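# Observations on the three-dimensional arrangement
Now for the letters of each chain:
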Amino acid sequence: MRTIGVLTSGGDAPGMNDAIRAVVRYGIYNGVKVIGIKDGYKGLIDNDTMDMNLSSVADIIHRGGTILGSARCIEFKEELGFNQAIKNMKYLGIEGLVTIGGDGTFQGSKKLSDVGIPTIAIPGTIDNDLAYTQYTLGFFTALETVLDAISKIRDTSSSHGNTNVIEVMGRNCGDIALYAGLAGGAEMVILPEMPYSIEEVCDKIMQGRIRGKRHSIVVLAEGAGDAKTISKKIGEITKTNTKYSVLGYTQRGGTPSAFDRLIGSKMGAKAVSLLLEENYSRALGVRDGSVFDMDIVEALKTEKVFDNESYELTKILSI
Ligand code: ADP
Ligand code: F6P
(Lines give C-alpha, C1' and ligand atoms only; values in the text may rest on other atoms or scores of the structure.)
(Ligands and ions follow the chains in the order given, each with its own letter.)
Protein backbone atom coordinates (compact mmCIF):
# COMPACT_ATOMS: atom_id res chain seq x y z
CA MET A 1 0.00 0.00 0.00
CA ARG A 2 1.57 3.25 -1.16
CA THR A 3 -1.06 5.91 -0.47
CA ILE A 4 -3.50 6.16 2.41
CA GLY A 5 -6.09 8.75 3.43
CA VAL A 6 -7.11 9.97 6.87
CA LEU A 7 -10.27 11.81 7.87
CA THR A 8 -12.08 12.98 11.01
CA SER A 9 -15.87 12.98 10.99
CA GLY A 10 -18.90 13.65 13.20
CA GLY A 11 -18.55 15.62 16.44
CA ASP A 12 -14.91 16.53 17.01
CA ALA A 13 -13.06 15.23 20.07
CA PRO A 14 -9.81 16.17 21.81
CA GLY A 15 -7.16 13.66 20.78
CA MET A 16 -8.19 13.54 17.12
CA ASN A 17 -5.13 15.64 16.25
CA ASP A 18 -2.89 13.20 18.11
CA ALA A 19 -4.31 10.34 16.04
CA ILE A 20 -3.88 12.30 12.78
CA ARG A 21 -0.28 13.12 13.71
CA ALA A 22 0.45 9.46 14.39
CA VAL A 23 -1.13 8.29 11.12
CA VAL A 24 0.92 10.83 9.16
CA ARG A 25 4.26 10.33 10.92
CA TYR A 26 3.97 6.52 11.22
CA GLY A 27 2.88 6.36 7.58
CA ILE A 28 5.75 8.49 6.31
CA TYR A 29 8.21 6.56 8.50
CA ASN A 30 7.03 3.42 6.69
CA GLY A 31 7.32 4.97 3.23
CA VAL A 32 3.60 5.62 2.73
CA LYS A 33 2.12 8.79 1.24
CA VAL A 34 -0.62 10.23 3.44
CA ILE A 35 -3.48 12.37 2.13
CA GLY A 36 -5.53 14.38 4.63
CA ILE A 37 -9.21 14.56 3.72
CA LYS A 38 -10.94 17.73 4.85
CA ASP A 39 -14.26 17.83 6.72
CA GLY A 40 -14.87 14.10 7.00
CA TYR A 41 -16.71 12.29 4.22
CA LYS A 42 -17.64 15.67 2.72
CA GLY A 43 -14.00 16.11 1.63
CA LEU A 44 -14.13 12.77 -0.19
CA ILE A 45 -17.19 13.86 -2.15
CA ASP A 46 -15.86 17.38 -2.86
CA ASN A 47 -12.31 16.18 -3.54
CA ASP A 48 -11.09 18.54 -0.84
CA THR A 49 -7.79 17.12 0.36
CA MET A 50 -4.26 18.06 1.36
CA ASP A 51 -1.00 16.18 1.00
CA MET A 52 0.46 15.64 4.45
CA ASN A 53 4.13 15.89 5.31
CA LEU A 54 6.02 15.73 8.58
CA SER A 55 5.52 19.47 9.18
CA SER A 56 1.77 19.38 8.47
CA VAL A 57 1.28 17.76 11.87
CA ALA A 58 3.85 19.80 13.80
CA ASP A 59 2.62 21.50 16.97
CA ILE A 60 -0.79 19.86 17.05
CA ILE A 61 -0.16 17.24 19.74
CA HIS A 62 -1.60 19.50 22.45
CA ARG A 63 -4.47 21.00 20.46
CA GLY A 64 -8.14 20.10 20.69
CA GLY A 65 -10.35 20.00 17.61
CA THR A 66 -9.10 18.56 14.35
CA ILE A 67 -6.77 20.23 11.85
CA LEU A 68 -8.55 18.35 9.06
CA GLY A 69 -11.95 19.75 10.00
CA SER A 70 -15.04 17.68 10.56
CA ALA A 71 -18.60 17.66 9.27
CA ARG A 72 -21.87 15.83 9.38
CA CYS A 73 -22.35 14.91 5.71
CA ILE A 74 -25.75 13.55 4.74
CA GLU A 75 -24.80 13.18 1.05
CA PHE A 76 -22.34 10.41 1.94
CA LYS A 77 -25.24 8.29 3.20
CA GLU A 78 -26.87 8.57 -0.23
CA GLU A 79 -25.87 6.52 -3.27
CA LEU A 80 -24.86 9.48 -5.41
CA GLY A 81 -22.53 11.00 -2.80
CA PHE A 82 -21.12 7.64 -1.77
CA ASN A 83 -20.27 6.70 -5.38
CA GLN A 84 -18.69 10.11 -5.99
CA ALA A 85 -16.52 9.59 -2.88
CA ILE A 86 -15.31 6.22 -4.19
CA LYS A 87 -14.59 7.70 -7.62
CA ASN A 88 -12.51 10.48 -6.03
CA MET A 89 -10.60 8.04 -3.84
CA LYS A 90 -9.65 6.03 -6.93
CA TYR A 91 -8.64 9.21 -8.77
CA LEU A 92 -6.43 10.27 -5.84
CA GLY A 93 -4.89 6.80 -5.63
CA ILE A 94 -6.03 6.32 -2.01
CA GLU A 95 -5.65 2.59 -1.39
CA GLY A 96 -6.58 2.56 2.28
CA LEU A 97 -8.46 4.89 4.62
CA VAL A 98 -8.26 5.67 8.34
CA THR A 99 -11.53 7.12 9.67
CA ILE A 100 -11.70 8.80 13.06
CA GLY A 101 -15.12 9.45 14.61
CA GLY A 102 -18.14 8.03 16.36
CA ASP A 103 -20.84 5.53 15.53
CA GLY A 104 -21.99 7.30 12.33
CA THR A 105 -18.41 7.56 11.07
CA PHE A 106 -18.00 3.84 11.74
CA GLN A 107 -21.14 3.08 9.66
CA GLY A 108 -19.54 5.00 6.78
CA SER A 109 -16.25 3.16 7.26
CA LYS A 110 -18.04 -0.20 7.19
CA LYS A 111 -19.90 0.74 4.01
CA LEU A 112 -16.60 1.57 2.30
CA SER A 113 -15.08 -1.69 3.43
CA ASP A 114 -18.20 -3.53 2.13
CA VAL A 115 -17.32 -2.33 -1.38
CA GLY A 116 -13.73 -3.51 -1.01
CA ILE A 117 -11.96 -0.38 0.21
CA PRO A 118 -9.48 -1.17 3.01
CA THR A 119 -10.51 0.84 6.08
CA ILE A 120 -9.52 1.10 9.72
CA ALA A 121 -11.75 2.99 12.18
CA ILE A 122 -10.55 4.86 15.27
CA PRO A 123 -13.19 5.71 17.92
CA GLY A 124 -13.11 9.49 18.35
CA THR A 125 -16.04 10.98 20.26
CA ILE A 126 -16.46 12.51 23.68
CA ASP A 127 -19.67 10.53 24.23
CA ASN A 128 -18.01 7.15 24.87
CA ASP A 129 -20.95 5.54 23.10
CA LEU A 130 -19.16 2.84 21.13
CA ALA A 131 -19.86 -0.29 23.13
CA TYR A 132 -17.01 -2.52 21.94
CA THR A 133 -14.33 -0.26 23.43
CA GLN A 134 -13.90 0.67 27.06
CA TYR A 135 -13.05 4.25 26.15
CA THR A 136 -13.23 6.49 23.08
CA LEU A 137 -10.74 9.18 22.17
CA GLY A 138 -11.76 12.47 23.80
CA PHE A 139 -13.92 11.02 26.57
CA PHE A 140 -11.42 11.56 29.38
CA THR A 141 -10.60 15.11 28.28
CA ALA A 142 -14.31 15.97 28.26
CA LEU A 143 -14.64 14.37 31.69
CA GLU A 144 -11.83 16.57 33.03
CA THR A 145 -13.52 19.65 31.57
CA VAL A 146 -16.80 18.71 33.25
CA LEU A 147 -15.09 17.99 36.57
CA ASP A 148 -13.36 21.36 36.46
CA ALA A 149 -16.74 23.03 35.93
CA ILE A 150 -18.38 21.00 38.71
CA SER A 151 -15.62 22.00 41.14
CA LYS A 152 -16.10 25.66 40.30
CA ILE A 153 -19.88 25.45 40.57
CA ARG A 154 -19.44 23.55 43.86
CA ASP A 155 -17.55 26.54 45.30
CA THR A 156 -20.35 28.99 44.64
CA SER A 157 -23.06 26.42 45.35
CA SER A 158 -21.69 25.81 48.86
CA SER A 159 -21.26 29.54 49.52
CA HIS A 160 -24.90 30.20 48.75
CA GLY A 161 -26.44 26.91 49.85
CA ASN A 162 -27.88 26.32 46.38
CA THR A 163 -28.98 23.28 44.46
CA ASN A 164 -27.18 23.19 41.10
CA VAL A 165 -28.28 21.19 38.07
CA ILE A 166 -25.40 20.78 35.60
CA GLU A 167 -26.29 19.62 32.09
CA VAL A 168 -23.59 17.78 30.17
CA MET A 169 -23.45 16.27 26.67
CA GLY A 170 -24.67 12.79 25.83
CA ARG A 171 -27.82 12.30 23.79
CA ASN A 172 -28.18 8.54 24.03
CA CYS A 173 -25.26 7.63 26.22
CA GLY A 174 -24.96 9.07 29.72
CA ASP A 175 -21.32 8.13 30.34
CA ILE A 176 -20.09 11.72 30.70
CA ALA A 177 -22.81 12.42 33.28
CA LEU A 178 -22.34 9.09 35.04
CA TYR A 179 -18.58 9.32 35.53
CA ALA A 180 -18.51 13.07 36.14
CA GLY A 181 -21.25 12.53 38.73
CA LEU A 182 -19.27 9.84 40.51
CA ALA A 183 -15.94 11.67 40.35
CA GLY A 184 -17.55 15.05 41.07
CA GLY A 185 -19.54 13.95 44.12
CA ALA A 186 -23.02 14.62 42.72
CA GLU A 187 -26.07 13.85 44.85
CA MET A 188 -27.77 12.37 41.79
CA VAL A 189 -27.08 11.72 38.12
CA ILE A 190 -29.91 11.73 35.60
CA LEU A 191 -29.20 9.61 32.53
CA PRO A 192 -30.98 8.51 29.34
CA GLU A 193 -30.32 4.86 30.23
CA MET A 194 -32.03 4.98 33.61
CA PRO A 195 -35.64 5.85 34.36
CA TYR A 196 -35.83 8.37 37.19
CA SER A 197 -38.49 10.29 39.04
CA ILE A 198 -38.16 13.91 40.04
CA GLU A 199 -39.50 12.91 43.49
CA GLU A 200 -36.59 10.50 43.97
CA VAL A 201 -34.11 13.24 43.02
CA CYS A 202 -35.77 15.68 45.42
CA ASP A 203 -35.90 13.11 48.24
CA LYS A 204 -32.15 12.59 47.86
CA ILE A 205 -31.55 16.34 47.99
CA MET A 206 -33.78 16.73 51.06
CA GLN A 207 -32.15 13.79 52.90
CA GLY A 208 -28.81 15.50 52.40
CA ARG A 209 -30.13 18.81 53.67
CA ILE A 210 -31.62 17.12 56.76
CA ARG A 211 -28.30 15.55 57.64
CA GLY A 212 -26.60 18.96 57.34
CA LYS A 213 -25.49 19.41 53.72
CA ARG A 214 -25.44 23.04 52.70
CA HIS A 215 -25.82 22.48 48.97
CA SER A 216 -26.52 19.85 46.31
CA ILE A 217 -25.26 18.97 42.83
CA VAL A 218 -27.28 17.09 40.20
CA VAL A 219 -25.56 16.09 36.94
CA LEU A 220 -27.94 15.70 34.01
CA ALA A 221 -27.15 14.15 30.62
CA GLU A 222 -28.71 16.22 27.82
CA GLY A 223 -30.56 13.17 26.48
CA ALA A 224 -32.43 12.70 29.77
CA GLY A 225 -34.13 16.07 29.96
CA ASP A 226 -33.80 19.81 29.93
CA ALA A 227 -31.84 21.52 32.72
CA LYS A 228 -34.10 24.56 32.92
CA THR A 229 -37.31 22.54 33.32
CA ILE A 230 -35.79 20.03 35.73
CA SER A 231 -34.18 22.68 37.94
CA LYS A 232 -37.48 24.59 38.11
CA LYS A 233 -39.29 21.45 39.33
CA ILE A 234 -36.54 20.65 41.85
CA GLY A 235 -36.70 24.21 43.20
CA GLU A 236 -40.49 24.02 43.58
CA ILE A 237 -40.48 20.66 45.37
CA THR A 238 -37.41 21.09 47.60
CA LYS A 239 -37.89 24.80 48.21
CA THR A 240 -34.15 25.24 47.78
CA ASN A 241 -32.62 27.96 45.66
CA THR A 242 -32.02 25.98 42.47
CA LYS A 243 -29.78 27.08 39.58
CA TYR A 244 -28.77 25.37 36.36
CA SER A 245 -25.78 25.47 34.00
CA VAL A 246 -25.50 23.95 30.52
CA LEU A 247 -21.85 23.19 29.84
CA GLY A 248 -22.38 22.72 26.09
CA TYR A 249 -19.53 22.93 23.63
CA THR A 250 -16.82 23.66 26.21
CA GLN A 251 -16.84 19.86 26.58
CA ARG A 252 -15.80 19.29 22.98
CA GLY A 253 -12.68 21.47 23.08
CA GLY A 254 -9.51 21.89 25.05
CA THR A 255 -6.05 20.40 25.18
CA PRO A 256 -6.24 16.59 25.13
CA SER A 257 -5.53 14.78 28.41
CA ALA A 258 -2.45 12.58 28.81
CA PHE A 259 -4.62 9.49 28.30
CA ASP A 260 -6.18 10.81 25.08
CA ARG A 261 -2.77 11.80 23.71
CA LEU A 262 -1.43 8.33 24.45
CA ILE A 263 -4.30 6.37 22.96
CA GLY A 264 -4.57 8.79 20.01
CA SER A 265 -0.90 8.28 19.21
CA LYS A 266 -1.08 4.50 19.66
CA MET A 267 -4.27 4.05 17.66
CA GLY A 268 -3.02 6.25 14.80
CA ALA A 269 0.14 4.17 14.46
CA LYS A 270 -1.74 0.89 14.84
CA ALA A 271 -4.20 1.90 12.10
CA VAL A 272 -1.34 2.35 9.62
CA SER A 273 0.37 -0.86 10.65
CA LEU A 274 -2.88 -2.84 10.16
CA LEU A 275 -3.27 -1.40 6.66
CA LEU A 276 0.33 -2.35 5.87
CA GLU A 277 -0.30 -5.88 7.16
CA GLU A 278 -3.37 -6.04 4.89
CA ASN A 279 -5.55 -6.58 7.93
CA TYR A 280 -8.57 -4.53 6.90
CA SER A 281 -12.07 -3.61 8.13
CA ARG A 282 -10.87 -3.31 11.69
CA ALA A 283 -12.07 -1.10 14.52
CA LEU A 284 -9.53 -0.04 17.12
CA GLY A 285 -10.35 0.14 20.80
CA VAL A 286 -8.89 0.39 24.28
CA ARG A 287 -9.21 -2.16 27.06
CA ASP A 288 -7.26 -2.20 30.33
CA GLY A 289 -4.90 0.45 29.00
CA SER A 290 -3.99 -1.40 25.80
CA VAL A 291 -5.04 -0.78 22.23
CA PHE A 292 -6.72 -3.72 20.46
CA ASP A 293 -8.41 -4.26 17.10
CA MET A 294 -11.46 -6.23 16.07
CA ASP A 295 -13.68 -6.73 13.05
CA ILE A 296 -15.74 -3.58 12.50
CA VAL A 297 -18.96 -5.54 11.90
CA GLU A 298 -18.56 -7.29 15.24
CA ALA A 299 -17.62 -4.01 16.90
CA LEU A 300 -20.79 -2.33 15.67
CA LYS A 301 -22.92 -5.29 16.81
CA THR A 302 -21.68 -4.98 20.40
CA GLU A 303 -24.31 -3.65 22.76
CA LYS A 304 -23.41 -1.26 25.55
CA VAL A 305 -23.76 -2.67 29.03
CA PHE A 306 -24.87 -0.02 31.50
CA ASP A 307 -22.47 0.46 34.42
CA ASN A 308 -25.02 0.07 37.18
CA GLU A 309 -22.28 -0.35 39.79
CA SER A 310 -21.01 3.21 39.21
CA TYR A 311 -24.57 4.53 39.15
CA GLU A 312 -25.40 2.96 42.52
CA LEU A 313 -22.02 3.94 43.98
CA THR A 314 -22.65 7.60 43.11
CA LYS A 315 -25.82 7.48 45.19
CA ILE A 316 -24.17 5.66 48.10
CA LEU A 317 -21.16 7.97 48.28
CA SER A 318 -23.32 11.08 48.36
CA ILE A 319 -25.53 10.09 51.34
P1 ADP B 1 -20.42 10.42 14.77
O2 ADP B 1 -19.44 9.79 13.85
O3 ADP B 1 -19.77 11.29 15.80
O4 ADP B 1 -21.41 9.42 15.34
P5 ADP B 1 -22.47 11.28 12.88
O6 ADP B 1 -23.51 10.31 13.34
O7 ADP B 1 -22.91 12.64 12.51
O8 ADP B 1 -21.30 11.46 13.93
O9 ADP B 1 -21.77 10.61 11.63
C10 ADP B 1 -20.72 11.25 10.97
C11 ADP B 1 -20.85 11.11 9.50
O12 ADP B 1 -20.71 9.73 9.13
C13 ADP B 1 -22.18 11.49 8.90
O14 ADP B 1 -22.31 12.87 8.73
C15 ADP B 1 -22.14 10.77 7.57
O16 ADP B 1 -21.35 11.44 6.64
C17 ADP B 1 -21.47 9.46 7.96
N18 ADP B 1 -22.47 8.43 8.25
C19 ADP B 1 -23.26 8.34 9.33
N20 ADP B 1 -24.09 7.28 9.23
C21 ADP B 1 -23.83 6.69 8.06
C22 ADP B 1 -24.36 5.56 7.35
N23 ADP B 1 -25.33 4.81 7.86
N24 ADP B 1 -23.83 5.27 6.15
C25 ADP B 1 -22.84 6.02 5.62
N26 ADP B 1 -22.30 7.10 6.23
C27 ADP B 1 -22.78 7.43 7.42
O1 F6P C 1 -19.98 14.58 19.61
C2 F6P C 1 -21.13 14.10 20.21
C3 F6P C 1 -21.95 15.25 20.68
O4 F6P C 1 -21.09 16.04 21.41
C5 F6P C 1 -23.20 14.93 21.49
O6 F6P C 1 -22.98 14.67 22.85
C7 F6P C 1 -24.03 16.15 21.26
O8 F6P C 1 -25.37 15.93 21.45
C9 F6P C 1 -23.73 16.46 19.83
O10 F6P C 1 -22.41 15.98 19.59
C11 F6P C 1 -23.89 17.87 19.44
O12 F6P C 1 -23.09 18.18 18.34
P13 F6P C 1 -23.52 19.03 17.07
O14 F6P C 1 -24.25 20.21 17.57
O15 F6P C 1 -22.22 19.33 16.45
O16 F6P C 1 -24.40 18.15 16.26
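None of the values given here were measured: they were computed from a predicted structure.

## Focus on the site of ligand 1
- Near ligand 1, the surroundings consist of 15 residues, among which Arg-72, Cys-73, Gly-102, Gly-104 and Thr-105 are the closest.
- Taking Gly-102, its main chain carries an N or O atom lying 2.9 Å from an oxygen atom of ligand 1.
- Contact with the protein chains removes 80% of the 550 Å² of surface that ligand 1 exposes when unbound.
- The cavity that encloses ligand 1 is the largest pocket.

## Focus on the environment of Leu-143
- Position of Leu-143 relative to the elements: it lies in helix H5 (residues 139-160).
- Sequence-wise, Leu-143 and Asp-127 are 16 residues apart; in three dimensions their C-alpha atoms are separated by 9.8 Å.
- Excluding its chain neighbours within four sequence positions, the residues that come into contact with Leu-143 are Ile-176, Tyr-179 and Ala-180.

## A closer look at the site of ligand 2
- Neighbouring residues of ligand 2: Gly-11, Arg-72, Ile-126, Asp-127, Met-169, Gly-170, Arg-171, Glu-222, Tyr-249 and Arg-252.
- Contacts to ligand 2 include Glu-222, whose side-chain N or O atom sits 2.5 Å from an oxygen atom.
- Taking Tyr-249, its side chain carries an N or O atom lying 2.3 Å from an oxygen atom of ligand 2.
- Protein contacts shield 81% of the accessible area of ligand 2, which totals 400 Å² for the unbound molecule.
- Counting atoms within 2 Å of the grid points, the majority share of ligand 2 lands in the largest pocket.
- For the shell around ligand 2, the class distribution of residues is 3 nonpolar, 2 polar and 5 charged.
- When we break the shell around ligand 2 down by domain, the ones giving at least three residues each are domain 1 (3-138 + 256-301) and domain 2 (142-252).

## Quick notes on the sheet that holds strand E5 (residues 119-123)
- One open sheet holds the 7 strands; their spatial order is E3-E2-E1-E4-E5-E10-E11, and the pairing between them is mixed. Each edge of the open sheet carries a strand with a single partner, namely strand E3 (49-52) and strand E11 (290-295). Each adjacent strand pair in this sheet contributes to an overall mean axis angle of 25°, direction not counted.
- Taken together, the 5 bridges between strand E4 (residues 96-101) and E5 define a ladder with parallel strand orientation. Looking across to E5, one finds that Thr-99 is bridged to Ala-121.
- Seen against the sheet, helix H4 (residues 103-114) touches E4, E5 and strand E10 (282-287) and runs at an angle of roughly 170° to E5.

## Let's talk about the packing of helix H6 (residues 175-184) against helix H11 (residues 308-317)
- One way to put it is that H6 packs onto H11 with a least axis distance of 9 Å and a crossing angle of 30°. What the angle tells us is that H6 and H11 run roughly parallel. Where H6 crosses over H11, the two elements pack in a sense that is left-handed. Facing Leu-178, Tyr-179, Gly-181 and Leu-182 of H6, the residues of H11 in contact are Ser-310, Tyr-311, Leu-313, Thr-314 and Leu-317.
- Its residues placed into classes, the contact of H6 with H11 shows 6 nonpolar, 3 polar and no charged.

## Description of H5
- End to end, H5 covers 31 Å across 22 residues, agreeing with the expected 32 Å (1.5 Å per residue, within 8%).
- Every buried residue of H5 is listed here: Phe-139, Thr-141, Ala-142, Leu-143, Val-146, Leu-147, Ala-149, Ile-150, Ile-153 and Ser-157.
- Buried-residue contacts for H5 involve strand E6 (163-168), H6, strand E8 (216-221), strand E9 (242-246) and helix H9 (258-276).
- Positive backbone phi, at 70°, marks Gly-161, one or two positions downstream of H5.

## Concerning the domain arrangement of the protein
- Once the domains are mapped, the protein shows domain 1 (3-138 + 256-301) and domain 2 (142-252).
- Its C-alpha centre places domain 1 at a distance of 34 Å from the equivalent point of domain 2.
- Listed per partner, the contact involves 10 residues of domain 1 and 9 residues of domain 2.
- Roughly 770 Å² of surface becomes buried between domain 1 and domain 2 when both sides are summed, with 49% attributable to carbon and sulfur atoms.
- Between the two partners, domain 1 and domain 2, sit 1 salt bridge.
- Among the ionic pairs, Asp-12 bridges to Arg-252, the shortest N-O distance being 2.7 Å.

## Quick look at a nonpolar patch on the surface
- Residues Leu-313, Ile-316 and Leu-317 make up a contiguous nonpolar surface patch of roughly 300 Å² in combined accessible area.
- Among the secondary structure elements, Ile-316 is positioned in helix H11.

Rules used in this analysis
- Residues numbered from 1 in each chain as written.
- Chains lettered and ligands numbered in written order.
- Predicted model: local features only at pLDDT ≥ 70, side-chain atom pairs only at ≥ 80, totals over all residues.
- Heavy atoms only, no water.
- Near = heavy atom within 4 Å.
- Polar contact = N/O pair within 3.5 Å; in protein donor to acceptor, adjacent residues only side chain to side chain.
- Areas by Shrake-Rupley, 256 points an atom, 1.4 Å probe, with all protein chains shown as cover.
- 1 Å grid on protein atoms, 1.4 Å probe; cavity = no way out; pocket = protein on both sides within 12 Å on 5 of 7 lines; lining within 4 Å.
- Sits in = over half its atoms within 2 Å of the grid points.
- Helix = DSSP H or I, 4+ residues; strand = E, 2+ residues; numbered from the N terminus.
- Contact = heavy atoms within 4.5 Å.
- Nonpolar A, V, L, I, M, F, W, Y, C, P; charged D, E, K, R; others polar.
- Domains from an automatic or database assignment.
- Pairing = 2+ DSSP bridges.
- Axes fitted to C-alpha atoms, helices over the stretch in contact; angles between N-to-C directions.
- Parallel < 35°, antiparallel > 145°, perpendicular 65-115°, else oblique.
- Left-handed = near helix turned anticlockwise from the far one by under 90°.
- Expected span 1.5 Å × (residues − 1).
- Buried < 20%, exposed > 50% of the residue type's maximum accessible area, 1.4 Å probe, protein only.
- Buried area = accessible area lost by both parts, 1.4 Å probe.
- Salt bridge = Lys/Arg side-chain N within 4 Å of Asp/Glu carboxyl O.
- Patch = residues over 30% accessible without salt bridge, like charges linked within 9 Å, V, L, I, M, F, W, Y side chains within 5 Å.

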